[in-house]
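Chain and residue survey
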Amino acid sequence: MLGTTAVHAETPIKFQLDWRFEGPSALFLQPAAKGYFKAAGLDVSIDAGSGSGATVSRVASGTYDMGFADMAALMEFHANNPDMPNKPVAVMMVYNNTPAAAFALKKSGIKTVADLTGKKLGAPVFDSGRKSWPIFAKANKLGPVTWVSMDPTLRETMFVRGDVDAITGFSFTSLLNIEARGVKGEEIVMFPYAQYGVKLYGNAIVASPKLLKENPEAVKAFLKAFAKGAKEVLANPDAAIDTVKARDGIINVDLEKRRLKIALDQVVNSPDARAEGFGQVKLPRLALMASQVGDAFATKTRINPDAVWTPAYLPSAAELNVLPAAKK
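Residues numbered from 1 in each chain as written. Predicted model: local features only at pLDDT ≥ 70, side-chain atom pairs only at ≥ 80, totals over all residues. Heavy atoms only, no water.

By the bridge criterion, 6 bridges tie strand β1 (residues 11-16) to strand β2 (residues 42-47) in an arrangement that is parallel. Bridge assignment links Ile 13 to a residue of β2, and that residue is Val 44. Direction of pairing for β1 relative to strand β3 (residues 66-70): parallel, over a ladder of 2 bridges. Opposite Phe 15, over in β3, you have Met 66 as the bridge partner. (Pairing = 2+ DSSP bridges. Helix = DSSP H or I, 4+ residues; strand = E, 2+ residues; numbered from the N terminus.)

As structure tokens, this is what we get:
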């Protein structure tokens, strides 16, 4: 007689990151490598991405079931595609603060945020920091600036060369890219948006409405397994880099360890994240962000905060308790 244990086929979930396999992707690669997704009955494949906008579009098209994307990019997609049926929904906040920052070199004479007024800034047209610049500028009472568009691969090179006075980019990406081009850390001035009056949320896990409707238990299982892995990454980021190295053998391990730690400190285990709770959002803050993004990005329609976010699939409070205690 056969045993009573039923064998269920694992639910396949195609997941796309927002960017390349770098330090922060350990948050997703850890639960995969440790078998947490598999133990939850999921067959999760994780692919590198090419920007949050592309990730949102690919989840909307059905190419991917879930992804990791900037909340502002998700809001922009909703507002600019009001009639599209399968608009992705954010189901867990991971970067409680936007990683966007502005960078300058001390030798340029830019010492304070006010010094950015009138300067020449560089960034790709789709860069999150560039698109949300009007919010940053308003919060800091800045005057006009001139923008120079460039490919992401050229941003820090042109900056170090002096082609532009300042750039915008993710704190944990551009900072290390600038240093990799021979600039010492003490020569760089960084203005993280979150520390200069901009309370935008950063990247969240997004899912297709089709998956949410047809297999809500799979989404809940994914988030629960993710939280378990994220707790381990936050507790021991150095060890977690091994999962990134396994996916991309040519990474600079020491560099990616540093990148991951900066990301964890600035946007995952930030004061705002500790106040609000990992994975969650505060609706008044989300509503304010929806209004700010609508204005700054000049969206076709207004953004409905209730349409872009749902907490319905989050794990229990105990399972979301992943953040280490604040450093004293």
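In this section: the environment of Ala 32. Within the fold, Ala 32 resides in helix α1 (residues 26-33). Residue classification places Ala 32 among the partly exposed residues on the basis of a relative accessible area of 34%. For the pair formed by Ala 32 and Leu 74, sequence separation is 42 residues and the distance between their alpha carbons is 25 Å. Apart from residues lying up to four places away in sequence, Ala 32 is in contact with Phe 37 and Ile 46. (Buried < 20%, exposed > 50% of the residue type's maximum accessible area, 1.4 Å probe, protein only. Contact = heavy atoms within 4.5 Å.)

A separate point is the confidence of the model for the protein chain. In this model, the protein chain carries a mean pLDDT of 95, and residues with pLDDT of at least 70 account for 97%. Low confidence marks residues 1-7, where pLDDT is under 50. Its contacts with residues over four positions away, or in another chain, come to 0 contacts. (pLDDT = per-residue confidence, 0-100.)

One open sheet accounts for 5 strands, arranged β2-β1-β3-β10-β4; its pairing is mixed. Looking along the sheet, the strands with just one partner apiece sit at the ends: β2 and β4 (89-93). Shown here is a sheet whose adjacent strand axes are inclined to one another by a mean of 30 degrees, direction ignored. Relative to the sheet, α1 contacts β1, β2, β3 and β10 (203-207), its axis offset from that of β2 by approximately 145 degrees. (Axes fitted to C-alpha atoms, helices over the stretch in contact; angles between N-to-C directions.)

In terms of burial, α1 is a largely internal element, 6 of the 8 residues being buried. Taken as a whole, α1 has its buried residues at Ala 26, Leu 27, Phe 28, Leu 29, Gln 30 and Pro 31. Gly 35 lies just past α1 and shows a positive phi near 80 degrees.

On to the packing of helix α8 (residues 171-180) against helix α12 (residues 253-268), then. Between α8 and α12, the shortest axis-to-axis distance is 9 Å and the interhelical angle comes to 145 degrees. Considering how the two elements wind past one another, α8 and α12 form a crossing that is right-handed. Residues Ser 171, Phe 172, Thr 173, Leu 175, Leu 176, Asn 177 and Glu 179 of α8 lie in contact with α12, whose contacting residues are Leu 255, Arg 258, Arg 259, Ile 262, Ala 263, Gln 266 and Val 267. A breakdown of the residues in the contact of α8 with α12 according to their chemical character gives 7 nonpolar, 4 polar and 3 charged. (Left-handed = near helix turned anticlockwise from the far one by under 90°. Nonpolar A, V, L, I, M, F, W, Y, C, P; charged D, E, K, R; others polar.)

The pairing of strands in a sheet comes from backbone hydrogen bonds and takes either a parallel or an antiparallel form. With respect to topology, 5 strands assemble into an open sheet ordered β7-β6-β8-β5-β9, the strand pairing being mixed. The sheet terminates laterally at β7 (146-149) and β9 (188-192), the two strands that pair on one side only. Here the average twist between neighbouring strands, direction ignored, is 30 degrees. Sheet analysis places strand β6 (residues 120-123) next to β7, joined by 4 bridges and oriented parallel. Note that in β7 the partner of Ala 123 across the bridge is Ser 149. In the packing of α8 onto the sheet, contacts are made with β5 (100-105), β8 (166-170) and β9, and the angle to β8 comes to roughly 125 degrees.

It is worth spelling out the side chain of Asn 86 at this point. Structurally, the position occupied by Asn 86 is in the loop between α4 (71-80) and β4. A polar contact is formed between the side chain of Asn 86 and the backbone oxygen of Ala 60, at a distance of 3.1 Å. Among the polar contacts listed, one links the side chain of Asn 86 to the backbone nitrogen of Lys 210, at a separation of 3.4 Å. In this view, Asn 86 contacts Val 59, Ala 60, Ser 208, Pro 209 and Lys 210; residues no more than four positions away in its chain are not counted. (Polar contact = N/O pair within 3.5 Å; in protein donor to acceptor, adjacent residues only side chain to side chain.)

What follows concerns the environment of Gly 51. In this structure, Gly 51 sits in the loop between β2 and α3 (52-61). For Gly 51, a relative accessible area of 11% translates into the label buried.

Within α12 the residues assigned to the buried category are Glu 256, Arg 259, Leu 260, Ile 262, Ala 263, Leu 264, Val 267 and Val 268. The inward-facing, buried residues of α12 contact α1, α8, α10 (216-235), α11 (237-247) and α13 (271-276). One side-chain oxygen at the N-terminal end of α12 lies 3.2 Å from the backbone nitrogen of Asp 254; it belongs to Asn 252.

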